[in-house]
Amino acid sequence: MKTTAKGASALPLNTILSGDCVEAMNALPENSIDLIFADPPYNLQLKGDLHRPDNSRVDAVDDHWDQFASFEAYDRFTRAWLKAARRVLKPNGAIWVIGSYHNIFRVGAALQDAGYWILNDVVWRKSNPMPNFRGKRFTNAHETMIWASKNEGAKYTFNYEALKSLNEGVQMRSDWVLPICNGHERLKDDNGDKAHPTQKPQSLLHRVLVGSTNPGDVVLDPFFGTGTTGAVAKMLGRDFIGIEREEAYRKVAEARLKSIRKFDKETLEVSTSKRAEPRVPFGQLVERGMLRPGEELFSMNNRHKAKVRADGTLIGGDVKGSIHQVGAALEGAPSCNGWTYWCFRKDGKTIPIDVLRQQIRSEMG
């Protein structure tokens, strides 16, 4: 994994760029990125050390990159990187920004002011949050992600069926219960300490990328840290670009990414919506001789039958029309999915006509 200077002019795929994220993004081609996942500084505003009840010190986020002189300074920083990010997003691109109560409301307002269109806010509810050691507030057990398209009305990728499959066939909700990064996943530096204080779990990025990108898409992370976005993108067959100004984090990310292997093509395929599959007119089955004019079709409930006509319509009793119209009329229903309603008979077996449609779709690739 190489580190490229911040003046790169071509799209530096699968590379970590060094330097300021605004400068680095402004050096990238316009309208070139499919998805941005941003984990910016949260501006936690910590005052002094944080201790547990036994007086041991908590390893909290007190790094210089998370410190801003004022809310105004943080807002200027936020507006600058969001402007640069929007320039590089494709018209059908999207952005995810994660934050806590310290910053996410300011970021959300800045997103809308910059012209982005918010699609969802997703609550990441941590199944194993850090307790509130002082006992003066609720345990901070969640973070918020904002998902937004580049413009109002813009197209964007949303793999609804894939996310539904991840959730055991139930529609994915906007509250995600996932553990924080710990155990073997938590990267350590040469001293055995946390390599990064806010390393995100791979499970979080897996869900984001499966749900809102496709294989071959380019994913940009302007606050790359130790490279979770890049690691998951590489495994899932997406290209990534990382930007990170801290050399120590870049070194950890480079070492991490060298050990990552891309999943094979078959395993990268995800469930798709029926609407996303190629459209096959019923008449094409007739044209190709898979069903012949005059052949009888039978309803799934075996109560009705109809004949196939040369133009791809059916006639059943006094009703003529498409497979959907005739099925609906015979059942006295407002609508009917003819593909799942009608069957043909072959060698004594009753076979749904949808089998023939799927055969044609498989030939279409």
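Residues numbered from 1 in each chain as written. Predicted model: local features only at pLDDT ≥ 70, side-chain atom pairs only at ≥ 80, totals over all residues. Heavy atoms only, no water.

The following threshold applies: UniProt positions are given in the numbering used here, feature names are shortened, and annotations may be inferred rather than shown by experiment.
In the annotation of an unreviewed UniProt entry, the entry for the chain reads Methyltransferase, and the organism field reads Pseudooceanicola algae. The Catalytic activity (unreviewed entry) comment attached to the chain in UniProt states, word for word, "a 2'-deoxyadenosine in DNA + S-adenosyl-L-methionine = an N(6)-methyl-2'-deoxyadenosine in DNA + S-adenosyl-L-homocysteine + H(+)". What UniProt states about the chain under its Sequence similarities (unreviewed entry) heading is, verbatim, "Belongs to the N(4)/N(6)-methyltransferase family."

## Some thoughts on the overall build of the chain
Selection criterion: The helix and strand labels rest on DSSP assignments: H or I over at least four residues marks a helix, E over at least two residues marks a strand, and numbering proceeds from the N terminus. Working rule for contacts: check all heavy atoms of both residues, and any pair within 4.5 Å makes them a contact. Only the protein chains shown count as covering a residue, and every accessible area follows the Shrake-Rupley method with a 1.4 Å probe.
Per the secondary structure count, the chain includes 12 helices and 15 strands. Excluding contacts between residues fewer than 6 apart, the proportion of contacts in the chain whose partners are at least 24 apart in sequence is 66%. A total accessible area of about 19,400 Å² is found for the chain, and carbon and sulfur atoms account for 48% of it.

## A word on the pairing of strand β3 (residues 33–38)
Just so we agree on the cut-off: For each residue, the accessible area found with a 1.4 Å probe, counting protein chains only, is set against the maximum for its type, and the residue is called buried under 20%, exposed over 50%, and partly exposed in between. Strands pair, by our definition, only if DSSP identifies at least two bridges between them.
β3 sits mainly inside the fold: 6 of its 6 residues count as buried. Pairing analysis gives 5 bridges linking β3 to strand β4 (residues 89–99), with the strands arranged parallel. Bridge pairing in β4 places Ile36 opposite Ile95. Here β3 runs beside strand β8 (residues 218–221); their pairing, made up of 2 bridges, is parallel. In the sheet register, Leu35 faces β8, and the bridge partner there is Val219.

## Examining unusual backbone geometry
Even without being a glycine, Asn31 presents a positive backbone phi close to 55°. Mapped onto the fold, Asn31 is located in the loop between α1 (21–26) and β3. By relative accessible area, which is 34% here, Asn31 ends up partly exposed. Positive phi is not limited to glycine here, since Asp347 has a value of about 55°.

## Remarks on the pattern of salt bridges
Definition in use: Put simply, a salt bridge is a Lys or Arg side-chain nitrogen that is within 4 Å of an Asp or Glu carboxyl oxygen.
What the rule picks out here adds up to 11 salt bridges. Residue Arg173 pairs with Asp175 through a salt bridge whose shortest N-O separation is 2.8 Å. Under the relative-accessibility criterion, Arg173 is labelled exposed at 56%. With relative accessibility at 33%, the residue Asp175 sits in the partly exposed group. We note a salt bridge from Lys305 to Glu296, for which the minimum N-O separation is 3.6 Å.

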